[in-house]
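Here are the chains, one letter per residue:
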Amino acid sequence: MQLKSYITHKNIFVFGLILLVLGMPVSHFLTSISQLILLGNWLVERNFISKWNTLKKSKAFWSFVGIYLLYVIGLLWTSDYEYGLHDLKIKLPMLWLPVLFFTSPSLTKKDYHLIMHFFVLACIAGSACSMAVYFGFLHKQIHDVREISIFESHIRFSLMIVLSICYLFFCLLNPPLIKQKIIYALIGVWLLFFLIFLQSFTGLVILGVLTFLGVIIFLFSKQSPAIKISFLILFLGGLLYTSYIVRDEYKRLHTINSIDLRTLPKYSTNGCLYLNDTIYKFTENGNYVYILICDAELKKEWNKKSKLNFDGFDSRKNSVRYTLVRYLASKNLTRDSLGFSQLTDEDITLIENGYANYSYTNPADIRTRVHEILWEIDGSMRMHETNGHSVTMRLEFWNASIWIIRQHLWFGVGTGDVKDAFITEYQDENTSLQKEWQLRSHNQYLATTVALGLTGLFVFILFLIAPFLSNKKMSVFFIFFILIELISFINEDTLETQAGVTFCVFFAQLFFHNDEYNT
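Residues numbered from 1 in each chain as written. Predicted model: local features only at pLDDT ≥ 70, side-chain atom pairs only at ≥ 80, totals over all residues. Heavy atoms only, no water.

Student: Looking at this structure, I do not really get the overall build of the chain. What am I missing?
Tutor: Counting its regular elements, the chain contains 22 helices and two strands. Expected size for 519 residues packed as a compact globule is a radius of gyration near 24 Å; at 26 Å, the chain falls within 12% of this value. Projected onto its principal axes, the C-alpha coordinates of the chain cover approximately 90 × 60 × 45 Å. Classification of the 519 residues of the chain by burial places 51% in the buried group. Contacts in the chain between residues at least 24 apart in sequence constitute 72% of all its contacts with a sequence separation of at least 6. Accessible surface for the chain amounts to roughly 25,500 Å². Of this, 66% is attributable to carbon and sulfur atoms. Between the mean site of the 45 positive side-chain charges and the mean site of the 41 negative ones, the chain shows a separation of 10 Å. (Helix = DSSP H or I, 4+ residues; strand = E, 2+ residues; numbered from the N terminus. Rg over C-alpha atoms; globule rule 2.2 N^0.38 Å. Buried < 20%, exposed > 50% of the residue type's maximum accessible area, 1.4 Å probe, protein only. Contact = heavy atoms within 4.5 Å. Areas by Shrake-Rupley, 256 points an atom, 1.4 Å probe, with all protein chains shown as cover. Lys, Arg positive; Asp, Glu negative; His and termini not counted. Charge placed at Lys NZ, Arg CZ, Asp CG, Glu CD.)

What follows is the structure, encoded as C-alpha cells:
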C-alpha cells in the first residue's frame, strides 16, 4: 500500500528526470529510456485539454518552442524533404521537453537539487571513466587527450563539466553545514582539474567568462571579507598564469633558430638532392621545416620501419610524409636517412599516431594544447595544410557557410537543403579539405543562417532572449546556463545533434522553472 502511494505521476516525473541527467554524460541508453518513461507518464496522466489550455496561455512556452516551429516553416522552401524531416526529428526535444515541463507538476527546490546532485554525480563518473581510458585501464587507444571522452563529444562533455562547476559554486554560497562546503569544494576542484586535463578550448573559455561573473556575484555575497579577498586573489592568479602560458608559447612558436638559408647544403651525405624551400618559412620548435628534405631517402627508410606507407596517412588522417617531416624538424634533425636513423621505435609509433612534434607527446599538458592552437592559427595565416586541425578547419567551415549565406541571404536554403548546399559549395570552391573533413558550420548562428537566412537568424535570437522578457524574476542559474549555451554556439552547432539539443533544452527548462537564486 505504501509503495502504491509513492508511485505518483509527480514522482515518476522526477525519477525520469534523474535518469535523464544520469544518462547525459555517460549513457545514451539511459537518456533514451528516461525519455520513454517521461513521455509514457505524461500520456498516462492524460488531462490533455487542461494541458493544452495551459500551453495556450503561456507566452514563455511559445518562446521556447518557437525555434522548432521556425525550422518547420523552413520546409516551405526546401527541396530535400527527407533530410528536412530527419533534421526536425533530431530537434524534437525542442518541442516535447517544453511541453513536458510546462504541463507537469511543479518541481520543489528539493527536487531541483536532487536532480542536479545526480547530474554532478554522473559527471564525476564520466570523468573517472575518461581518466581510466587515459591511463590504459579500458584498453582504448587514443591519439589526443580529448579522445578520452568516450560517451559524449569532448566539447559537449566539457559544457556539462562547466555546468556542474557552476552549480557547485552556487551551492558553496549557502550550504547549511561546513562538511557540505568541503565536499562541494573538493568535487569542484576535481572537475576543474579534469576540465583543464581534457583541454576543451570551448569549455575553458566559457568557464573563464562565467568565473568572471561568479567573482562579481561572490564579492557581493554575504561571505566574510577574508574569503572574498582569497577568492579574488585565486581568480587573478589563475588569469595571470593563463596569460603567462599563452605569451610564453607564442614567444616559443615565433623564436627562430639562427641558420643561414643562403648556404644550405644541396645534397645529403648520400649524395641525394635536397629540397630546400626557403620561401615558405614555417617552423617547428624554431627549426625551419621545409629545408634539408630528401623524399627518396625518407620513403625508403620509413617503409622499412613502419607498416604505414610513406605515401599514405597517419592515424589522424594526415599525410605520413607531412607528419614525418615536421617531427624530424621539431627535433632539429635533417629530413633524410641520416636524420631518420636517429629516431627511436617510440618516435616511429608517435609519428604513426599523428604526432608532428615531439613536444606534443604529453597530451595532458595544457601548454601542448595552447601551442597547437597558436600553431594552427599561425599556419592558417601562412596557408598550410588544414586537414585534421580543429581550429583552422573551422575557419574553412565558416568560410563555406558565409558563401552559402551570401547566395541565400534573407531566407537561407531551407531546413532540408543544408547538407546539399555544403556539398555544392565545397565542390565549387575546390576546397583543400579532404572529403571526410568537409563538414557543416560548427557554429550554431551560421548553421541557422544557412538554413533560414538573416530573417531566420533574427527570429532565432529573438526566441532565445524572449524568456528573459516573459519572466520578471529570473533565476541567476538560468542566466548562467543561457550564457553557456550562447557562447558554445560560437564554436559548435550544438542544436544539430539530438544529444546537444537535449542538453540545451532540458537544462533551459529545468532552470527556467526553478526560482532558486532569483535575481
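Student: What should I look at first to understand the side chain of Ser127 in this one?
Tutor: Positionally, Ser127 belongs in helix H8 (residues 109–134). The contacts of Ser127, once residues within four sequence positions are left out, are Phe157, Trp190, Leu191 and Phe194.

Student: Would you take a moment to explain the packing of aromatic side chains for this structure?
Tutor: The geometry of an aromatic ring pair is captured by two quantities: the separation of the ring centres and the angle between the planes. Under the counting rule described, the total for this entry stands at 34 aromatic pairs. For the ring pair Phe13 and Phe101, a centre distance of 5.9 Å and an interplane angle of 75 degrees mean the geometry is edge-to-face. With Phe13 in helix H2 (residues 9–26) and Phe101 in helix H7 (residues 93–103), the pair connects residues that are 88 residues apart, well separated along the chain. Of the residues examined, Phe13 reaches a relative accessible area of 2% and is grouped as buried. What makes Phe101 buried here is its relative accessible area of 6%. Ring plane angle 65 degrees and centroid distance 6.0 Å describe the contact between Trp77 and Phe411, whose orientation is recorded as edge-to-face. Separated by 334 residues along the polypeptide, Trp77 in the loop between helix H5 (59–73) and helix H6 (81–90) and Phe411 in the loop between helix H18 (390–407) and helix H19 (418–428) bring together distant segments of the chain. Given the relative accessible area of 33%, Trp77 is considered partly exposed. Above the ring of Tyr71, the side-chain terminus of Lys91 is found at 4.6 Å from the ring centroid. The ring of Tyr358 carries Lys331 above its face, with NZ or CZ at 5.8 Å from the centroid. (Phe/Tyr/Trp six-rings, centres within 6.5 Å; stacked < 30°, edge-to-face > 60°. Lys NZ or Arg CZ within 6 Å of the ring centre and 35° of its normal.)

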